[in-house]
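Architecture at a glance
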Amino acid sequence: MDFTYTTKLSLIGIVGVIISIIVFCIWRKNRGKCKLERDACGLWRYHKDSQFTRKVAYKCLLEQAGAKAEKLKPLAVLTFVGDIGAKQYKSFGQLIDEVIINKSEIDEVVVVVNSPGGAVSPYGNVYSQMERVRDAGLKLTVCIDVVAASGGYLMSLPAHKIIAAPFSMVGSVGVMAFVPNLRGLLEDYNINPRTFTAGKYKRTVSLTDEATEEEVEKFKQQLNAIHRLFLEAVKKYRKDVKMEVVETGEHWTARESVELGLGLVDDIATSQQYLLEANRDRDLIILSQKRGFWEGGLLSRFVQGVIEKIELRLFGQSFNGIC
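Residues numbered from 1 in each chain as written. Predicted model: local features only at pLDDT ≥ 70, side-chain atom pairs only at ≥ 80, totals over all residues. Heavy atoms only, no water.

Digging into the overall build of the chain
Helix and strand counts for the chain come out as 11 helices and 13 strands. The buried share of the chain, reckoned over its 323 residues, is 37%. In the chain, the share of contacts with a sequence separation of at least 24, taken over all contacts with a separation of at least 6, comes to 71%. When the accessible surface of the chain is split by element, carbon and sulfur atoms take 58% of a total near 19,300 Å². (Helix = DSSP H or I, 4+ residues; strand = E, 2+ residues; numbered from the N terminus. Buried < 20%, exposed > 50% of the residue type's maximum accessible area, 1.4 Å probe, protein only. Contact = heavy atoms within 4.5 Å. Areas by Shrake-Rupley, 256 points an atom, 1.4 Å probe, with all protein chains shown as cover.)

So, in structure tokens, the structure goes:
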């Protein structure tokens, strides 16, 4: 068969497209696979988007001057900046994976927490991630520079030591739920909202329906059940805490909590103080996640800020959250 020049080019183009599709499919299939690989810091990396940064101990300056110092295992440093939805909980869990995999290479884990608390389930997940570190036999320290209240304090509880800056806020061991009722507003526009459920307590208090006294009481019972779990976590890890005081849901500055002997924190210091002292004779391995091209940009930060302001306006500190 005699092919024209144009026909040949068309066939080459079609074959090229097919090969490109096959290569793309293979890349897509293998892109998200987790595998162990050595990072430049000498630790094993399990998740592709995890990254390690090593800050060498400044004792090396003494060694260069002729002094001899013992080589100690590095200290892993993670940062958790919380919001109402604890949106960082998934990426934080991946970093905990890295810690667990490298536990034989790490001396201590320090988590710098900055969170006013928020929704129950996400912060409960972060609390469980912190327990993984402790259960792995690693020393766990929490540093609080600004605030670790409510869910932020809950996630801090598994730490062997809690260190807080003097004017940071701690505590708020309580639960709240702000549920505005929009029924009257809808009825002004001739909208009659109705919710149908199967199960007596499938829906108790809602945004649009009138709640009976029984439903309100059931809703309060659910909040009290969460509060009990919170208090049990406090009792489990903070042996010297004054439960009769902290269970009221109040918050204090870290210095005030120490002066009152509440047992919420162990030492008063900033994270910079603690890490600088630790970095004297131990390397710091700072764990974080790589950001995509569009992540963390000006537009994304603006949109996120608007969303958080709307959440605060509508729901206060949290909706069905620990706060």
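So, next bit.
Regarding the confidence of the model for the chain
Overall, the predicted model of the chain reaches an average pLDDT of 85, with 79% of residues at or above 70. Contacts of residues 314–322 to residues separated by more than four positions or lying in other chains number 41 contacts, the stretch itself having pLDDT below 50. (pLDDT = per-residue confidence, 0-100.)

Regarding the packing of aromatic side chains
This model, assessed by the stated rule, comprises three aromatic pairs. When the centroid spacing of 6.2 Å and the interplanar angle of 70° are considered together, the rings of Phe80 and Tyr123 count as edge-to-face. Note that Phe80 is positioned in strand β4 (residues 75–81) and Tyr123 in helix α4 (residues 120–135), a separation of 43 residues in sequence. For Tyr123, a relative accessible area of 0% translates into the label buried. Measuring from centroid to centroid gives 6.4 Å for Tyr127 and Tyr237, while their planes differ by 70°, and the two rings are edge-to-face. Within this pair, whereas Tyr127 is found in helix α4, its partner Tyr237 is found in helix α7 (residues 213–237), the two being separated by 110 residues in sequence. For Tyr127, a relative accessible area of 12% puts it in the buried group. What links up through ring pairs into an aromatic cluster is the set Phe80, Phe92 and Tyr123. (Phe/Tyr/Trp six-rings, centres within 6.5 Å; stacked < 30°, edge-to-face > 60°.)

Notes on a nonpolar patch on the surface
A surface patch of nonpolar side chains, amounting to about 490 Å² of accessible area, comprises Leu182, Leu185, Tyr189, Ile191 and Leu207. Tracing the chain through its elements places Leu207 in the loop between α6 (183–188) and α7. (Patch = residues over 30% accessible without salt bridge, like charges linked within 9 Å, V, L, I, M, F, W, Y side chains within 5 Å. Salt bridge = Lys/Arg side-chain N within 4 Å of Asp/Glu carboxyl O.)

Concerning the environment of Asp267
Relative to the helices and strands, Asp267 is located in strand β11 (residues 267–268). For the pair formed by Asp267 and Ala254, sequence separation is 13 residues and the distance between their alpha carbons is 8.9 Å.

A closer look at the side chain of Asp209
Relative to the elements of secondary structure, Asp209 occurs in the loop between α6 and α7. Overall, the relative accessible area of 15% leaves Asp209 in the buried class. Setting aside residues no more than four positions away along its own chain, Asp209 makes contact with Asn181, Arg183, Pro193, Arg194 and Thr195.

Quick notes on the pattern of salt bridges
Taken as a whole and judged by the stated rule, the model has 14 salt bridges. A salt bridge links Asp83 to Lys87, with the nearest nitrogen and oxygen atoms 3.6 Å apart. Given the relative accessible area of 14%, Asp83 is considered buried. Overall, Lys87 belongs to the partly exposed group, its relative accessible area being 43%. Close ionic contact of Arg280 with Glu277 constitutes a salt bridge, the shortest N to O distance being 3.3 Å. Taking the relative accessible area as the measure of exposure, Arg280 reaches 40% and is therefore partly exposed. A single salt-bridge network, built from bridges that share partners, covers Asp107, Glu108, Lys139 and Arg282.

With respect to the packing of α4 against α7
For the pair α4 and α7, interaxial distance at closest approach is 13 Å and the crossing angle is 20°. By the angle class used here, α4 and α7 are roughly parallel. Here the hand of the crossing between α4 and α7 comes out left-handed. For the pair formed by α4 and α7, the contact residues are Val120, Tyr127, Glu131 and Arg134 on the first element and Ile226, Ala233, Lys236 and Tyr237 on the second. The residue makeup of the contact of α4 with α7, split by class, is five nonpolar, no polar and three charged. (Axes fitted to C-alpha atoms, helices over the stretch in contact; angles between N-to-C directions. Parallel < 35°, antiparallel > 145°, perpendicular 65-115°, else oblique. Left-handed = near helix turned anticlockwise from the far one by under 90°. Nonpolar A, V, L, I, M, F, W, Y, C, P; charged D, E, K, R; others polar.)

Brief notes about the pairing of strand β7 (residues 139–149)
The element β7 is extensively covered by neighbouring structure, given that eight of its 11 residues are classed as buried. In the sheet, strand β5 (residues 108–115) pairs with β7 via seven bridges, with the strands oriented parallel. Its bridge partner being in β7, Glu108 is matched across the sheet by Lys139. Pairing analysis gives four bridges linking β7 to strand β8 (residues 161–164), with the strands arranged parallel. Looking across to β8, one finds that Ile144 is bridged to Ala164. Relative to strand β9 (residues 169–171), β7 is paired through three bridges, and the arrangement is parallel. Counterpart to Ala149 in the pairing with β9 is Gly171. (Pairing = 2+ DSSP bridges.)

Quick word on unusual backbone geometry
Positive phi, close to 45°, is recorded for Ala86, a residue that is not glycine. Checked against the element boundaries, Ala86 lands in the loop between β4 and α3 (89–101). Of the residues examined, Ala86 reaches a relative accessible area of 0% and is grouped as buried. Even without a glycine there, the phi angle at Ser172 is positive, about 55°. Tracing the sequence through the fold places Ser172 in the loop between β9 and α6. Here Ser172 falls in the buried class, since its relative accessible area comes to 8%.

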